[in-house]
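# Structural features, examined
In case you want the letters, here they are:
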Amino acid sequence: MLEPLFFLALAVLTPGVPSLQPPPLALHVDAIIQPDGAIGPGGWIVLRNGRIESIGPAEPPVGCARLEFAGGVAAPGFVDVDTSLGAAGQLSEPARPFTPEVATGDALEPDHSSFLAAARSGVTTVGLMPGGRNIIDGRVAIVRTADDDGRGAQLCGHGPLRYTLSAQAFDGSRVPTSRMGALPQLREMLAKSPAPSSGTSLVAADTADEIRIVIDTFGGAGRSFALLHPTRADDAIELVRGSVSGRPTAAVIGPFDLDTGERDVRVAKLLADGGVAVAFSGGGDGGSLRLTAAVATRSGFDAKAARTGLSLAGARLLGIESEAGTIEAGKRADLVVLDGDPLDLAAKVKLVLVGGAPVEAAKESP
Amino acid sequence: MIATLLAAALTATPGTAPETASAATPALPRSLADAVVLQAAEVHVGDGTVYKPGVVIVQDGRIVAVGAGLPIPAGGQVIDCGAAFLTPGLVDAACQLGTNALFGSAEQGSEVIPQLDTGDVLDYFSLEFEQLAADGVTTVFVTGEASAVISAKGVAVKTAGPIAERRLAPTKPCVKATLGAETSGRGAFNRSPSRFGGGPSYAIRRPTTRMGSAWVFRKALHDSIAFRDAGRASSDGLDPAAMRALGDVLSGATSLRMQVREALDFDTSVRLADEFGLQFVFEYATEAAQRLDVIAARKIPVIFGPVRQSDSTFESFESATPALETPKLLAEHGIVFCLTASDGSGDGGLARQTGLAIRFGLDRAKALRAVTVDAAAIAGLDQRVGRLAPGLDADLVVWNGKPFDDASKPVLVLISGRPVVDVQGRFRKENP
C-alpha cells in the first residue's frame with residue numbers, strides 16, 4: 001500500500017513537468033468491474049484532470065505516472081445513498097410537516113472525520129439523507145467523501161426529495177397528525193408541482209401497507225419513485241411487480257449483516273426479480289456496504305446486480321449517473337482498487353481515488 | 001383447487017326435490033363448463049328463502065344461479081358440501097378493524113373531517129382481515145373513527161382477495177358523527193399517552209362536554225351552509241373541503257350516521273336532524289331499546305351492537321338486560337336493523353353477536369338477514385353483496401352446523417368465488 005502511494009506522490013511532485021495540471025495517472029489492474037457489474041478484463045485505466053480518460057489494454061501515453069496492481073480489481077467508487085455522515089444536528093426540520101425547501105447540504109460538516117473513514121473504505125459519494133420525521137423532508141445532499149486535495153468532504157449538489165408516510169412523520173403537536181390528513185395534501189402537491197427532470201423521489205416505506213400507499217400515491221401521480229428500506233416488500237411483492245398505476249424504479253436496502261434474518265435478506269432478491277434496481281446502503285461504511293451485498297448474494301441475489309448495487313444503482317438514485325457509478329471514459333475518476341472481487345469480504349482495499357485524488361491511507365500499525 | 005379443500009367426496013348427483021317451493025329454474029347464461037357448483041343440505045339465501053337441499057352455481061366470481069334441483073351444467077366442477085349449511089358471506093356495516101394506526105387512525109387536526117377518507121389509513125395486509133374472513137365476515141364497512149365529532153368517510157372492503165379488487169363503492173359515500181362520550185369524554189386525552197410521545201396536542205381544543213360535541217356539530221353545519229350560500233369562510237378555520245363535504249351531507253349526496261350509545265344522545269340526534277333536515281342511520285345504538293318508538297316512527301335504520309359483558313353487567317350474558325334483547329325488540333317494532341361486532345372478531349365477532357341475538361329472542365331467519373341482506377342494504381352495498389342471488393359477488397360461507405350456533409363454525413369461505421378459508425378454518429394467503 002505504501003509503495004504505490006509513494007510513487008504517486010512522486011509523480012505528482014516531480015519537478016520539470018511544464019503543465020499546471022498534474023500529470024495523468026495510469027493504473028494497471030487485472031480486472032475491471034463493468035457497468036453491468038460483471039468482472040471484465042483488466043488493463044490500463046488512464047486518469048487525467050480528475051476524470052477517466054481511457055480504459056484498455058494499450059500502453060498508457062508517455063508521461064503518465066504508472067501504478068500497477070498485481071491481482072488488482074478496479075471497481076467504481078461506492079455510492080451510499082442513505083447516510084448521515086457529517087450531519088450537524090438532526091436532519092428533519094420539525095417546524096413544519098412539509099419542508100421541500102430544506103436541504104441537508106445546509107447541515108453538512110465537511111471536515112467531519114467520518115468522511116475520511118468512508119473514503120478509505122471505498123465510498124466516494126454519499127447521500128446525506130433527511131431524517132424522516134417530516135412528510136416531505138427536503139433534499140438529500142450529494143457529497144463526495146473527499147475534495148480535490150483528498151481531505152475534507154465536498155458538497156456537490158442537492159439530490160432528490162425524501163418523503164415519509166410512516167408513523168414517525170406524524171405526531172399530535174402539528175397538523176396533519178395522521179396519514180389520513182396528510183395524503184390529500186400530498187396528492188395535491190404532487191399534482192400541482194412538476195415532476196423533477198432527473199432523479200427520482202425517495203420515499204420511506206417499511207410495511208406492506210406503507211408500500212401499497214406509496215405505490216398508490218406516487219405511481220398514481222405518475223412520479224418516478226424509489227422505496228427507502230421496504231422491509232416487508234415480500235408481503236407486497238405482487239403490488240410492486242404488477243401495479244397498474246406505476247411501480248418503484250429502485251429500492252434502497254440494508255445494511256445487512258451475518259445475523260440479518262433470511263426473510264429480510266430475501267427481500268432484495270424478490271425486488272430485483274420484480275424489476276426493481278436495488279441500491280445497497282451501509283450507513284456510509286464501505287465494509288458494511290460490501291457485507292450487505294455479499295449477504296444478499298448468499299440468498300440468491302445476482303452477483304452482477306450486487307456489484308451495481310454498490311455504486312451505479314445509488315448514483316442513479318442521486319441523479320449523478322453521468323458522473324459516477326461506473327468505470328467509463330469521461331466519468332469522474334472515483335475508483336476503488338481492491339485485491340479481489342468487492343463481494344469477497346477477504347478482498348482488501350488497496351487504493352481509493354475521489355475525483356482522481358488519492359485518499360490518504362490509514363497509518364498501519366507497526 | 002376448491003375440490004381438494006373439501007374433504008367430502010365429489011358427487012355429481014342432481015339435487016333432490018326442494019322442500020321449499022322454488023321459482024322456475026332460471027335460464028342459465030352462456031356455457032357453464034367452467035362453473036363451480038356448490039350443493040348443500042341447506043342453502044340460505046339471506047332474505048329468508050331456504051332451499052333444502054340447494055345448489056349455488058358460481059362463475060367468474062359471481063353467482064349465476066341459486067335454487068333447488070337446478071340442472072348441473074356439463075363440465076362444471078361440483079362441490080358436495082353434504083350436510084353443511086350455506087349462507088352468504090357476512091357483512092359488518094360498522095367495523096372498526098383493519099386500520100393501521102396504533103392509537104386511532106383519524107386525523108386529530110380538526111373535529112370535523114368529512115372530506116377525509118378512512119380508505120387512506122386502511123391496512124389491507126392487517127391480520128385482522130384474515131381473522132374476519134375466517135369468521136365468515138367477507139365484507140366490512142370500516143366506519144369513521146369516533147374521536148372526531150364529524151369523522152372521515154368510511155370505506156367498504158372485502159376481507160380477502162387481490163387488493164386491487166377489495167374496495168367496494170357504496171351507493172353513496174358515508175360519514176359518521178359521534179355525539180356521545182367518545183368525543184367529549186376523551187377531551188384533552190384524545191391523543192396518544194405521553195409515554196408514547198403524545199405531547200401537547202391539537203386535540204386539547206376538543207369539546208370536553210356533551211353539549212360541546214353538539215355545538216361543534218351544529219357550528220360545522222351552519223358554517224358549511226354559509227360557505228355554500230355566501231362563500232363565507234369559517235370563523236373556526238374549517239377547511240373549505242370539509243365544508244363542501246358537509247354540503248353533500250346536507251343535500252343527501254353523502255349519507256350520515258350518528259354514533260350514539262346513551263338514550264339522551266338519541267334525543268340530541270333527533271333534534272339535530274330536525275334542525276337541518278337530515279336523514280341518518282344510528283350506529284351502535286346501545287340504548288336503542290329505550291327509544292324504540294321514536295326510531296320506529298321516524299324509520300331510522302339501526303346498526304346495533306356489539307353487546308359485551310361490560311355493556312350489560314359483569315356477571316354473564318344471561319342476565320336479563322335490555323341490550324341483549326334489543327335485536328328482538330327492534331325486529332318486533334319493524335325497525336330495519338343490522339348487527340355489528342365493531343372491533344370484535346373471533347369469539348367476540350359477528351357470528352357470536354348474531355348467536356347472542358338469537359339466544360335472546362331474535363328469529364333465526366331475521367338474524368341471518370341482519371348480518372347479510374339488511375347489513376348490505378344499510379351500508380349501501382346491496383348491489384354487490386349480502387344475498388345469494390344471480391349477478392351478485394360469489395361470497396359464500398359453508399358452515400359445519402346450524403349457522404351462529406356455538407358449536408358451528410365456517411369450514412369454507414369463498415370471496416368472489418375464490419376460497420379464502422379452507423376446511424380447517426385456516427386463512428389462505430394465496431387464492432387460486
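First things first, this report covers the structure right here in the doc. (Residues numbered from 1 in each chain as written. Chains lettered and ligands numbered in written order. Predicted model: local features only at pLDDT ≥ 70, side-chain atom pairs only at ≥ 80, totals over all residues. Heavy atoms only, no water.)

## A word on the interface of chain B and chain A
Which entries qualify depends on this criterion: When checking whether two residues touch, look at their non-hydrogen atoms; a contact exists if any pair is within 4.5 Å. We define buried area as the total accessible area lost by two parts upon association, computed with a 1.4 Å probe and summed across both. Think of a salt bridge as a Lys or Arg side-chain nitrogen and an Asp or Glu carboxyl oxygen that are within 4 Å of each other. Identification of polar contacts relies on pairs of N or O atoms within 3.5 Å, with a donor-acceptor requirement for protein atoms, meaning one able to donate a hydrogen and the other able to accept it, and with residues adjacent in sequence counted only if both atoms are side-chain atoms. Gly is put with the polar residues, along with every residue not named as nonpolar or charged; the nonpolar set is Ala, Val, Leu, Ile, Met, Phe, Trp, Tyr, Cys and Pro, and the charged set is Asp, Glu, Lys and Arg.
Tallying the contact residues gives 22 residues for chain B and 20 residues for chain A. Both sides of the chain B and chain A interface together cover about 1,600 Å² of buried area, and 59% of this is carbon and sulfur. On the surface where chain B and chain A come into contact, there are one salt bridge. Linking A:Arg187 and B:Asp120 is a salt bridge whose minimum nitrogen-to-oxygen distance equals 2.6 Å. Our count for the chain B to chain A interface comes out at six residue pairs in polar contact (both at pLDDT 80 or more). Each residue belonging to the side of chain B that touches chain A can be placed in one class, and the counts come to eleven nonpolar, seven polar and four charged.

## Topic: the state of the cysteines
All names here are of chain B. Which entries qualify depends on this criterion: In what follows, a disulfide is any cysteine sulfur pair within 2.5 Å. Exposure is judged per residue with a 1.4 Å probe applied to protein chains only, and the accessible area is read against the type maximum: over 50% gives exposed, under 20% gives buried, and values in between give partly exposed.
Summed over the entire model, instances satisfying the criterion amount to zero disulfides over all chains. Free of any disulfide, Cys 95 has its nearest neighbouring cysteine sulfur in Cys 338, separated by 12 Å. The class of Cys 95 is buried, set by a relative accessible area of 0%.

## Focus on the pairing of strand E9 (residues 137-142) of chain B
Residues and elements named next belong to chain B. Here is the rule we go by: What counts as a helix is a DSSP run of H or I of at least four residues, what counts as a strand is a run of E of at least two, and both are numbered from the N terminus. Strand pairing follows a simple DSSP-based rule, namely that at least 2 bridges must link the two strands.
Of all six residues in E9, six are buried, a share of seventy percent or more. By the bridge criterion, four bridges tie strand E8 (residues 90-95) to E9 in an arrangement that is parallel. Looking across to E9, one finds that Cys 95 is bridged to Val 142. Across four bridges, the pairing between E9 and strand E11 (residues 155-158) is antiparallel. Looking at the pairing, Val 140 lines up with Val 157 of E11.

## Remarks on the sheet that holds strand E12 (residues 250-253) of chain A
Pairing between sheet strands relies on hydrogen bonds along the backbone, with the strands arranged either parallel or antiparallel. Residues and elements named next belong to chain A. Threshold: Axis geometry follows a simple rule: fit a line to the C-alpha atoms, using only the stretch in contact for helices, then measure angles between N-to-C directions, giving values from 0 to 180 degrees.
Strands sit in the order E6-E7-E8-E9-E10-E11-E12-E13 across an open sheet of eight strands; the sheet is mixed. Every interior strand has two partners, whereas the edge strands, strand E6 (78-83) and strand E13 (277-280), have only one. In this sheet, neighbouring strand axes are inclined to one another by 30 degrees on average, regardless of whether the strands run parallel or antiparallel. Running at roughly 170 degrees to E12, helix H6 (residues 262-273) makes contact with E12 and E13 of the sheet.

## A few points about the environment of A:Ala117
Residues and elements named next belong to chain A. In this fold, Ala 117 is placed in helix H2 (residues 113-120). A relative accessible area of 46% means that Ala 117 is categorised as partly exposed. The sequence separation of Ala 117 and Ala 361 amounts to 244 residues, and the corresponding C-alpha distance is 9.5 Å.

## Some remarks on the sheet that holds E11(B)
Residue and element names in this part refer to chain B. Strand order in this open sheet of four strands is E8-E9-E11-E12, and the pairing throughout is mixed. In the strand order of this sheet, the two ends are held by E8 and strand E12 (167-168), each with one partner. Sheet analysis places E11 next to E12, joined by two bridges and oriented antiparallel. Note on E12: the bridge partner recorded for Val 157 is Arg 167. In this fold helix H2 (residues 127-134) packs onto E8, E9 and E11, with an angle of close to 130 degrees to the strand it touches most, E9.

## What to know about the pattern of salt bridges
Residues and elements named next belong to chain B. Tallying each qualifying case throughout the model produces 41 salt bridges over all chains. The salt bridge involving Lys 158 is made with Asp 395; its shortest N-O contact spans 3.1 Å. Here the residue Lys 158 occupies a position in strand E11, and Asp 395 occupies one in the loop between helix H12 (373-378) and strand E18 (396-399), the gap between them amounting to 237 residues. Looking at Lys 158, the relative accessible area reads 2%, which means it is buried.

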